[in-house]
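Here's the letter readout for the chains.
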Amino acid sequence: MYRVAVFALSIISLALCDEPAYAGRFFGNASLSYEHLKQQNGETAEDDVTRETAILNYEDVLFYKNHIRFTANLQRREQSFTGYHEFQPIYYFDLKSYGYAFNARYSPYKRRSFTAAVTDYVDVYYRDWRLTGQLAYTDYPTLNVVYSHLKNFDKEDEPKFDAFNRNLVMESSYSIDPLTLRANYNNLRQVSNLPGGRDVTTRTYSGTVGFNRNLIGLGYASATYNYYDTRRESNTILSQTSFTHSFNSLILLNALDNLSVNLSYSGRFLEAKQQESVIENDNQTMSAIAEFSPTGYLSFQAGKGYQNNRQNGDNNIVEYVNLGAVLTRYFRSGVDTRLTYNRTIFQQSTRLVPILDTSGLVINTVNDGDYILDTYQASLNLFPRKYIKTFIDVSLTHDSDPVDQQRRYQLTRSLDTRLNFSRRLEGRFRVTALYIGSALRFNSSFSENYNVGLTYTPRSNLNMNATYIYSDYNSSVRSSQSSATGYISYTFRRAFNVYLSVNEQKQTREIFIADEAQYETTDIRPRNINGQLLMYLSPKVTLSVAYLHSRTQNALGQKIENESIQSVLSIQI
């Protein structure tokens with residue numbers, strides 16, 4: 001640890017020199033972090049953790065037009081409550097100019113790993129390479145190549161880690177209006193050199209052809225075709241293959257006034273083979289939607305859809321017809337309404353509906369694929385005064401023949417009000433209620449949520465906010481949750497920023513006690529306090545201090561408290 005600290009400080013000292021001894025541009029930044037941790041869970045544990053980071057860059061111009069950059073990212077991290085630290089360097093080399101770019105990345109590092117096979121820690125060494133190349137000249141196809149190689153091993157007498165992953169990706173694209181062409185090749189190899197290890201190679205070939213065209217005076221048309229071919233070899237033996245074709249098309253027609261037509265089709269066809277088994281899966285979706293708007297505030301929609309999901313010869317077909325209308329009307333200044341109605345008639349080939357006896361138990365199922373969904377939506381926006389805004393939304397869905405009779409109706413109601421008491425003080429209130437049941441009841445709900453808040457900004461650099469949220473759930477086991485949050489932020493010129501946030505929660509649940517054959521109410525009260533001070537000591541030096549305190553309970557009811565104080569010094573080189 002001492003050597004690493006001296007090494008990092010030496011680099012920072014060298015970087016802070018005003019006049020480097022070599023040409024080009026040398027820059028970067030460094031940060032030193034100190035954190036004091038405290039945990040209380042029956043016993044009290046404390047630890048001091050330090051972290052250092054230095055990012056150093058050197059860039060220059062090669063042969064006038066070629067830009068080069070060398071980067072070293074040096075990171076040291078201590079693991080809390082262990083006394084163990086990790087040092088990970090990452091080295092970069094970038095070379096780019098007009099039409100091409102090349103990047104190389106290398107990171108040698110060590111991490112400690114604990115496996116179930118042994119009873120002690122094992123130091124695992126990693127060698128991580130990544131090379132990237134790009135060609136992109138005007139009027140020519142683009143080419144991208146990415147090669148990565150990650151090796152891990154240990155130095156034990158009986159190795160527990162000895163493997164590598166290698167991946168090669170090549171991609172090219174070219175556009176000829178209105179066509180877009182793209183091809184991709186991916187070669188992934190995963191090798192384990194331990195006894196009994198496997199050598200798995202996965203090759204993927206893919207291609208895309210796209211078409212986009214504006215139909216002058218008529219509308220717009222687009223189509224895309226994709227092809228995927230994946231082959232997997234295990235120990236040089238072909239073990240799995242898959243072929244996928246997909247096609248998507250869209251046509252928009254708006255040649256007639258007040259009438260628009262949308263036609264779409266999408267299909268995906270998959271064939272996969274693994275050893276002796278063959279899987280065939282087709283998904284096709286077709287739809288047609290027409291919208292007619294005789295006036296600016298009234299529109300009608302009609303649609304027809306067809307979906308077919310076929311797997312190994314078994315078809316699951318869904319057909320539907322949709323009819324709807326939307327009415328938007330301004331009654332007067334500050335009053336805006338919107339009414340929506342949709343009816344969707346479904347016919348489904350496979351839809352099992354349970355049959356219940358008098359006690360509510362499932363005794364049989366029947367195939368019933370005919371049902372209707374009716375959806376009603378109403379919105380009312382009120383702006384009676386400039387300082388008052390109110391939004392009311394009601395949504396009702398009715399299922400004519402639900403699979404679960406308790407989900408025949410779904411009703412959602414919400415009220416959102418904003419009050420601008422002054423230019424500096426704003427209040428808000430929102431309530432949402434959800435009801436799901438077999439019969440329509442306006443005076444009951446499955447869940448309710450209340451949100452009340454206040455924001456006060458006396459000056460541009462001072463902001464205060466308070467929020468209270470309460471949620472109540474009336475399921476088979478009733479529960480509720482409340483949360484109160486307050487925060488304040490203050491900025492003094494560009495010298496420092498102060499932020500403080502406090503959150504207090506209360507979670508109430510009913511837990512069934514088997515020994516007593518009854519429910520018992522339990523309360524959990526988590527608390528979080530978060531504060532931060534950010535100081536700009538100079539244009540290139542920043543110091544931040546953060547404080548975090550959290551309190552909660554585990555499943556056994558024991559209180560757990562975590563506390564930390566962290567300071568970070570950042571230096572721009």
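Residues numbered from 1 in each chain as written. Predicted model: local features only at pLDDT ≥ 70, side-chain atom pairs only at ≥ 80, totals over all residues. Heavy atoms only, no water.

A. Quick peek at unusual backbone geometry. A cis amide bond links Asp177 with the next residue in sequence, Pro178, at an omega value of 10 degrees. Its identity as a non-glycine residue notwithstanding, Phe63 has a phi of 55 degrees, on the positive side. Checked against the element boundaries, Phe63 lands in the loop between β2 (43-62) and β3 (66-78). Phe63 gets classed as exposed once you look at its relative accessible area, which sits at 72%. A positive phi angle, near 75 degrees, is found at Tyr64, a position not held by glycine. Along the chain, Tyr64 falls in the loop between β2 and β3. (Helix = DSSP H or I, 4+ residues; strand = E, 2+ residues; numbered from the N terminus. Buried < 20%, exposed > 50% of the residue type's maximum accessible area, 1.4 Å probe, protein only.)

B. Broad picture of the packing of aromatic side chains. By the definition in use, this model includes 16 aromatic pairs. Centre to centre, the rings of Phe247 and Tyr265 are 6.3 Å apart; their planes meet at 40 degrees, and the pair counts as tilted. One end of the pair, Phe247, is in strand β12 (residues 237-253); the other, Tyr265, is in strand β13 (residues 259-274), and 18 residues separate them in sequence. Assessed through its relative accessible area of 32%, Phe247 is described here as partly exposed. The cationic tip of Arg25 hangs over the ring face of Phe27; the distance from NZ or CZ to the ring centre is 3.9 Å. For Arg329, the ring lying beneath its charged end belongs to Tyr297, and the centroid distance is 4.3 Å. (Phe/Tyr/Trp six-rings, centres within 6.5 Å; stacked < 30°, edge-to-face > 60°. Lys NZ or Arg CZ within 6 Å of the ring centre and 35° of its normal.)

C. Here's a closer look at the nonpolar core. The biggest cluster of nonpolar side chains holds five residues, and these are Tyr109, Val122, Val124, Tyr126 and Phe161. If we ignore the near neighbours within four places in the chain, the residues touching Tyr109 are Phe87, Gln88, Val124, Tyr125, Tyr126, Arg127, Asp128 and Leu150. (Core = buried A, V, L, I, M, F, W, Y, C linked by side-chain atoms within 4.5 Å. Contact = heavy atoms within 4.5 Å.)

D. Focus on a negative patch on the surface. Among the surface-exposed residues, Asp120, Glu156, Asp157 and Glu158 lie close enough to one another that they form a single negatively charged patch. Positionally, Asp120 belongs in the loop between β5 (100-114) and β6 (121-135). (Patch = residues over 30% accessible without salt bridge, like charges linked within 9 Å, V, L, I, M, F, W, Y side chains within 5 Å. Areas by Shrake-Rupley, 256 points an atom, 1.4 Å probe, with all protein chains shown as cover. Salt bridge = Lys/Arg side-chain N within 4 Å of Asp/Glu carboxyl O. Lys, Arg positive; Asp, Glu negative; His and termini not counted. Charge placed at Lys NZ, Arg CZ, Asp CG, Glu CD.)

E. Representation of the pairing of strand β15 (residues 298-311) within the structure. Inspection of the sheet shows strand β14 (residues 277-295) paired to β15 by 13 bridges, in the antiparallel sense. Each residue of the ladder has a partner; that of Asn283, found in β15, is Asn309. Taking the residues that link successive antiparallel strands as the turn, the β14-β15 hairpin has two residues. (Pairing = 2+ DSSP bridges.)

F. Quick peek at a nonpolar patch on the surface. There is a patch of nonpolar side chains on the surface, built from Ile176, Leu179, Leu181, Val209, Phe211, Tyr225 and Phe247 and spanning about 540 Å² of accessible area. Taken together, the elements giving at least two residues each to the nonpolar patch come down to β9 (179-192) and β10 (199-215). Position of Ile176 relative to the elements: it lies in strand β8 (residues 162-176). Its relative accessible area of 45% is what places Ile176 among the partly exposed residues.

G. Examining the side chain of Ser447 more closely. With respect to the helices and strands, the residue Ser447 is situated in strand β24 (residues 447-459). With sequence-adjacent residues up to four places away left out, Ser447 is seen in contact with Thr432, Ala433, Leu434, Asp472 and Tyr473.

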